[in-house]
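# Reading the structure
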Amino acid sequence: MGIEYVVHINEKCDECFAILADRLKEHFPHIQTGAGCSIDLPSANSGWEDFSIEKREGGFFILSSIMSGSTHTELFRIMEKVLNEMALEYEIEEV
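Residues numbered from 1 in each chain as written. Predicted model: local features only at pLDDT ≥ 70, side-chain atom pairs only at ≥ 80, totals over all residues. Heavy atoms only, no water.

With that settled, consider the packing of helix H1 (residues 13–27) against helix H2 (residues 70–85). In contact at an axis separation of 10 Å, H1 and H2 are set at 140° when each is read in the N-to-C sense. Classed by the angle they form, the pair H1 and H2 counts as oblique. Between H1 and H2 lies a crossing of right-handed hand. Between H1, through Cys16, Ile19, Leu20, Arg23, Leu24 and His27, and H2, the contact on the second element is made entirely by Glu74, Leu75, Arg77, Ile78, Met79, Val82, Leu83 and Glu85. The residue inventory of the contact of H1 with H2, partitioned by class, reads nine nonpolar, one polar and four charged. (Axes fitted to C-alpha atoms, helices over the stretch in contact; angles between N-to-C directions. Helix = DSSP H or I, 4+ residues; strand = E, 2+ residues; numbered from the N terminus. Parallel < 35°, antiparallel > 145°, perpendicular 65-115°, else oblique. Left-handed = near helix turned anticlockwise from the far one by under 90°. Contact = heavy atoms within 4.5 Å. Nonpolar A, V, L, I, M, F, W, Y, C, P; charged D, E, K, R; others polar.)

The structure is reproduced here in structure tokens:
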């Protein structure tokens, strides 16, 4: 079970995704990246992920198995900070 989000941005998606991956690695040392198009944080439960972010046209898709707590809060704080620093217009939609 998880919550899905779509982050809509209109420009600089590739650049933003790379910066986001770097920032998340600073805070979550177990982050795994795949071919520049996915970011995953494995869970303590084998075979599960706390969150997964995939780059897609016009933004990102996020699947989070953590509904609240410090990891969830930190993920969105870091993401919003990167988007704001890049002066990007964005919308985060829970789907």
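This paragraph deals with H1. The terminal C-alpha atoms of H1 lie 21 Å apart, and with 15 residues this matches the ideal 21 Å at 1.5 Å per residue to within 8%. Lining the buried residues of H1 we find strand E1 (3–9), strand E2 (32–34), strand E3 (38–42), strand E4 (49–56), strand E5 (59–64) and H2. (Expected span 1.5 Å × (residues − 1).)

Looking now at the nonpolar core. Counting 26 residues, the largest nonpolar core has Leu20, Leu24, Ile53 and Phe60 as the members making the most contacts within it. Those elements giving two or more residues to this core turn out to be E1, H1, E3, E4, E5 and H2. Setting aside its immediate chain neighbours within four residues, Phe60 contacts Tyr5, Val6, Val7, Ile9, Cys13, Cys16, Phe17, Leu20, Ile53, Glu54, Lys55 and Met79. (Core = buried A, V, L, I, M, F, W, Y, C linked by side-chain atoms within 4.5 Å. Buried < 20%, exposed > 50% of the residue type's maximum accessible area, 1.4 Å probe, protein only.)

For the rest of this paragraph, the subject is the sheet that holds E3. Pairing is antiparallel across the open sheet formed by six strands, whose spatial order is E2-E3-E4-E5-E1-E6. Each having just a single partner strand, E2 and strand E6 (90–94) make up the two edges of the open sheet. The mean inter-strand angle of the sheet, taken between neighbouring strand axes irrespective of direction, is 15°. Pairing of E1 with E5, which is carried by six bridges, proceeds in the antiparallel orientation. The residue bridging Tyr5 from the neighbouring strand is Ile62, located in E5. Each of E1, E3, E4, E5 and E6 touches H2; the most contacted strand, E6, lies at about 155° to it. (Pairing = 2+ DSSP bridges.)

Let's shift gears to the packing of aromatic side chains. Taken as a whole and assessed by the stated rule, the structure comprises three aromatic pairs. Ring geometry for Phe17 against Phe60: centres 5.3 Å apart, planes inclined by 50°, an arrangement best described as tilted. In this pair, Phe17 sits in helix H1 while Phe60 sits in strand E5, placing the two residues 43 residues apart along the sequence. This pair shows no difference in class: Phe17 is buried, exactly as Phe60 is. On the basis of an interplanar angle of 75° and a centroid distance of 5.8 Å, the ring pair of Phe28 and Phe51 is categorised as edge-to-face. With Phe28 in the loop between H1 and E2 and Phe51 in strand E4, this residue pair connects regions lying 23 residues apart in the sequence. Given the relative accessible area of 10%, Phe28 is considered buried. Look at Phe51 and you get buried, because its relative accessible area is 0%. (Phe/Tyr/Trp six-rings, centres within 6.5 Å; stacked < 30°, edge-to-face > 60°.)

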